[in-house]
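Residue strings, one per chain:
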Amino acid sequence: MNNKKHLALIVDDEPDIRELLELTLLRMGIDTESAADLESGRQLLEAQPFDLCLTDMRLPDGNGIDLVRHAQKHRPGMPIAVITAHGSMESAVEALKAGAFDFVSKPVELQVLRDLVKTALRLAENGRPVPTEGPSLSLLGQSPAMQAIRTTIAKLARSQAPVYISGESGTGKELVARLIHAQGPRADRPFVPVNCGAIPAELMESELFGHKRGSFTGAGADKDGLFQAANGGTLFLDEVADLPLHMQVKLLRAIQEKAVRPIGAQREAHVDVRILSATHKDLAELVHEGHFREDLYYRINVIELQVPPLRERPEDIPALVEHILVRLGRQLGSPMPRLSDEAVDALLDYPFPGNVRELENVLERAVTLCEGDVITPAELGLPTHRYGRGEPGNGASLDDYVSEREKEAIRKALEQTGNNKTAAARLLGISFRALRYRLKKLGLD
């Protein structure tokens, strides 16, 4: 934090709570002003600027959410947090939806309060530019859909509300999560992504919450979990729909209590983590079917951000193509071929079930196969036939389908030529270099 003296507004009708909050903030070097009711709080907010506001949910003449809405209108840049009754998660979620920065439950734990205040002041101090690109290319483009998402990301970054990012595979959900983190007050703290579907069920609890030495066979030392690794920052739960039901219960408790208990530990450990989650599955349908807990669904889905598929924003394809080719050129250290007009038209007409990830794979393959300076539709290798049952469009991955067809053709050519790669390439009608690339890509070398 800088040397500027901060000023906080505390709104609570209980003198003991006001005093506790005032003393805690004063020890952090923050001046305070207090109000005992909603109307007095409104008047103070309108009279002078504050760096943050803490308000009780229940006030004699209204509730904290009324003050949140008032602050959104008159002091939109000021973080405001709501103090809720213990276990009243419905109220906390309602406050976050109304625009509250965060919430803290009674009885107020001082460490939780101090963490909240520090994060709020970092937000008040740090104006962050919107990144134009990230580790992927999924948010490139000037379509109305992508412009709207960028605007939404900037708003969500200022909150600590849990965000559920929905969308098909390959649309860039992790990039959206990284941008929310990068534009917020936790940007200089860890961003920890975890693929919930990639962790074996029996290791899930240890991976998320950690364990103590000797707590189970093979636990030779204390180990921090991913919650502890993300402390102060953001934990991104990708493919959250794949969490087993017993872990959903433990995750819900960790989110609500802002604490985790490592396996074998006697007490819980406080963690300060913002939760972002994503899946390509229909989470609401999984709740309806009983495969995902409804209470956890509403806890992680305070705000939903849907990432559109590429087929709904085809006007972004040319910009994506240009950027991908530039990146490939840097990686390969050579000039890239350009796409013919016919190849561009073919990309614009193709529905891209694999979204931006599939576009990247198509261009990478085309660059490798291209013998001249211009990529043609044939070198793009886009499927042109309709798929039947059990094939892409009915739950199967297009990339997997195409890969299997390529593998079959290559294996057959190698068998017919006695494993002579040069002859097999000639039989397939591709260059030896292209065959080597495909063998490596498909894991056949």
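Quantities reported herein were computed from a predicted structural model and do not represent experimental measurements. (Residues numbered from 1 in each chain as written. Predicted model: local features only at pLDDT ≥ 70, side-chain atom pairs only at ≥ 80, totals over all residues. Heavy atoms only, no water.)

Details of helix 15 (residues 355–369)
We count it as follows: Helix and strand assignments come from DSSP, with helices taken as H or I runs of at least 4 residues and strands as E runs of at least 2, each series counted from the N terminus. How far a helix is expected to stretch is found by multiplying one less than its residue total by 1.5 Å. Each residue gets one of three labels from its accessible area relative to the maximum for its type: buried under 20%, exposed over 50%, partly exposed in between, using a 1.4 Å probe on protein chains only.
Between its first and last C-alpha atoms helix 15 spans 21 Å; for 15 residues at 1.5 Å apiece the expected length is 21 Å, and the two agree. Within helix 15, 12 of the 15 residues are buried, which leaves it mostly tucked inside the rest of the structure. Of the residues making up helix 15, those classed as buried are Asn355, Val356, Glu358, Leu359, Glu360, Val362, Leu363, Arg365, Ala366, Val367, Thr368 and Leu369.

Digging into the sheet that holds strand 6 (residues 80–84)
To be explicit about the condition: DSSP-based pairing: two strands are paired if at least 2 bridges between them are found. The angle between two axes is taken between their N-to-C directions and runs from 0 to 180 degrees, where each axis is a line fitted to C-alpha atoms and a helix contributes only its stretch in contact.
If you trace the five strands from one edge of the open sheet to the other, you get 2-1-3-6-7, paired in parallel fashion. In this open sheet, the two edge strands, each paired with only one partner strand, are strand 2 (30–35) and strand 7 (102–105). Each strand of the sheet is rotated relative to its neighbour by a mean of 20°, with strand direction disregarded. Relative to strand 7, strand 6 is paired through four bridges, and the arrangement is parallel.

Points about the nonpolar core
Stated formally: Throughout this description, the term nonpolar core refers to a set of buried Ala, Val, Leu, Ile, Met, Phe, Trp, Tyr and Cys residues connected via side-chain atoms within 4.5 Å. Throughout, a residue-residue contact means that at least one pair of heavy atoms, one from each residue, lies within 4.5 Å.
Core analysis: the largest hydrophobic core is formed by 32 residues, its most contacted members being Leu208, Phe227, Leu235, Leu237, Leu283 and Phe292. At the level of secondary structure, the elements contributing two or more residues to this core comprise strand 9 (191–195), helix 8 (204–209), helix 9 (226–229), strand 12 (234–238), helix 10 (245–257), helix 11 (283–289) and helix 12 (294–300). No other element matches helix 10, which puts five residues into this core. Excluding residues within four positions of it along the chain, Phe227 makes contact with Leu208, Phe209, Leu235, Leu251, Ala254, Val260, Val271, Val273 and Ile275. In terms of nonpolar packing, the next biggest core, distinct from the first, is built from 23 residues, Val321, Ile324, Leu325 and Val367 among them.

Observations concerning the side chain of Ser166
Let me state the cut-off plainly: Any pair of N or O atoms that falls within 3.5 Å is considered a polar contact. Within protein, one atom must be able to donate a hydrogen and the other to accept it, and sequence-neighbouring residues count only if both atoms are side-chain atoms.
By secondary structure assignment, the location of Ser166 is in strand 8 (residues 163–166). The class for Ser166 is buried, based on a relative accessible area of 6%. A polar contact is formed between the side chain of Ser166 and the side chain of Glu304, at a distance of 2.8 Å. Look past the residues within four positions of Ser166 in its chain and what remains in contact with it is Lys173, Thr279, Glu304, Leu305, Gln306 and Val307.

Notes on the packing of helix 2 (residues 38–47) against helix 3 (residues 64–74)
Going by this rule: Throughout this description, any angle smaller than 35 degrees is read as roughly parallel, any larger than 145 degrees as roughly antiparallel, any in the 65 to 115 degree range as roughly perpendicular, and the remainder as oblique. Throughout, a crossing is termed right-handed when the near helix is turned clockwise from the far one, and left-handed when it is turned anticlockwise from it by less than a right angle.
In the contact formed by helix 2 and helix 3, the axes pass within 10 Å of each other and the chain directions differ by 15°. In this view, helix 2 runs roughly parallel relative to helix 3, as classed from their interaxial angle. Remark: the crossing between helix 2 and helix 3 carries right-handed chirality. Contacts from Leu38, Gly41, Arg42, Leu45 and Glu46 of helix 2 reach helix 3 at Asp66, Leu67, His70, Ala71 and His74.

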